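Observations on the model geometry
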Amino acid sequence: MNTTRHRLTLLLGTNPAEPHSTTRMRYAITMVAGFATAVQVIVWLMVAIFGTHLDGPWWLWTPASALAINAALLGLDHVRRHWSNTAAPTGTTRGSL
C-alpha cells in the first residue's frame, strides 16, 4: 500500500470515496488567490500613486485563474458524484442461460 499517496489524498481532500472530495483544495486555492490578489491590488495602487497613472488591471489574472481552477474542480466533483450514482448496483443479478 502506498501510504504517501494515501496521506496526500487526505491532505488535499481528494479522496474519491468522499462526496465533496476537492473541498479542501478549492478552499486552499481560494485563500491563496485572495491573498495574492490583495497584494497585487496594493502594488497596483502604489504604482498608480507613484507613477501618476493607472496601468491596466493586470491583477485580475489571479482571481480569474483561481475561478477557472475552482470551476474545474467543482465540475470534477459533480462528475464523480454522477458516476458514483450511476455505477451503484441495482440489485439485479445476471444468471447463466
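Refer to the preceding data block for the structure.
Overview of the structure. (Residues numbered from 1 in each chain as written. Predicted model: local features only at pLDDT ≥ 70, side-chain atom pairs only at ≥ 80, totals over all residues. Heavy atoms only, no water.)

Before going further, it helps to spend a moment on the overall build of the chain. Across its full length, the chain holds three helices and zero strands. Within the chain, buried positions represent 15% of all 97 residues. Looking at the chain alone, contacts between residues at least 24 apart form 48% of all its contacts between residues at least 6 apart. Looking at the chain as shown, the accessible area adds up to about 7800 Å², and 70% of this sits on carbon and sulfur atoms. (Helix = DSSP H or I, 4+ residues; strand = E, 2+ residues; numbered from the N terminus. Buried < 20%, exposed > 50% of the residue type's maximum accessible area, 1.4 Å probe, protein only. Contact = heavy atoms within 4.5 Å. Areas by Shrake-Rupley, 256 points an atom, 1.4 Å probe, with all protein chains shown as cover.)

The next subject is the pattern of salt bridges. Taken as a whole and assessed by the stated rule, the structure comprises one salt bridge. The closest approach of N and O atoms between Asp77 and Arg26, which form a salt bridge, is 4.0 Å. Of this pair, Asp77 sits in helix α3 (residues 61–86) while Arg26 sits in helix α2 (residues 23–51), and the two are 51 residues apart along the sequence. The same class applies to Asp77 as to Arg26, namely buried. (Salt bridge = Lys/Arg side-chain N within 4 Å of Asp/Glu carboxyl O.)

Turning next to the environment of Thr23. Take Thr23: it is sitting in helix α2. It is 8.9 Å that separates the C-alpha atoms of Thr23 and Asp77, two residues lying 54 residues apart in sequence.

With 29 residues, α2 extends 41 Å between its outermost C-alpha atoms, agreeing within 8% with the 42 Å of an ideal straight helix rising 1.5 Å per residue. If you check which residues of α2 are buried, you get Arg26, Ala33, Thr37, Trp44 and Ala48. Positioned one or two residues after α2, Thr52 has a phi angle of 60 degrees, which is positive. (Expected span 1.5 Å × (residues − 1).)

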